[in-house]
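A closer look at the structure
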Amino acid sequence: MQYWEMLLRWNFILISALVGWLVAQVLKTLINCILARHFSIERMWGDGGMPSAHSATVCAMLVATGRMEGTSSAIFAIAFVVAIITMHDAMGVRRETGEQAKILNRMISEWMDMGAQSAPFLADKKLKEMVGHTPIEVISGAALGTLIGFVMPML
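Residues numbered from 1 in each chain as written. Predicted model: local features only at pLDDT ≥ 70, side-chain atom pairs only at ≥ 80, totals over all residues. Heavy atoms only, no water.

Take the confidence of the model for the chain next. Looking at the chain, pLDDT values average 83 and 79% of them are 70 or higher. Of all helices and strands in the chain, the one with the weakest mean pLDDT is helix α5 (residues 93–113) (69), whereas helix α3 (residues 53–69) scores best (96). (pLDDT = per-residue confidence, 0-100. Helix = DSSP H or I, 4+ residues; strand = E, 2+ residues; numbered from the N terminus.)

Here it is, written out as C-alpha cells:
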C-alpha cells in the first residue's frame, strides 16, 4: 500500500493515465478473447478494438489534470486539446487506414490466388487492419478513462 501511495504522490496525472491505458488494454484483451473464442496476447498492446485505450488514456489524464490543477489551468487546456485530437484521429485517419488495409489485403490475396507468381514478395505481406476505432469504441474508452480519472485516489 505504501508503494501505491508513493506512486500517486510522485505523479498523480501520469499514474492515472497509465492506469487508464492498462485497464483498457486488459478489457480489450478479455473482450477479444470472449468474442473470438481464443486468447491473443497481441491484443494487450495492439491498436484498435473495444474499448479504445487511446481514449481511456487521454481521458484519464484529462480528468486527473482537472482534479489536480483545476479546470481553468493552462495544463488542463493542453490536456483537453490533446484528448480531442487523439480521439478524433483514432476515429478518422487511423480508422480509414485500417479500412484501406482490409481492402488491400483482400486484393493481394485474390491476386496471389490467381497465380501472380511474378511478385512473390507479396505472398507473405499482410497490412495491419486494426489500427483505428469506431465511434462506439472511442466513446467507451473515453467513458472508461473518465471513470478512472475520477476514482483514482488523490493523496
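Glancing now at the side chain of Thr-65. In this structure, Thr-65 sits in helix α3. Looking at Thr-65, the relative accessible area reads 2%, which means it is buried. Once residues lying within four places of it in the same chain are set aside, the contact partners of Thr-65 are Ile-13, Gly-70, Ile-75, Phe-76 and Ala-79. (Buried < 20%, exposed > 50% of the residue type's maximum accessible area, 1.4 Å probe, protein only. Contact = heavy atoms within 4.5 Å.)

Let's shift gears to the environment of Ala-77. Tracing the backbone shows Ala-77 in helix α4 (residues 74–91). You can call Ala-77 partly exposed: its relative accessible area is 40%. Each C-alpha atom, one on Ala-77 and one on Leu-62, is 8.9 Å from the other, the two residues being 15 residues apart in sequence.

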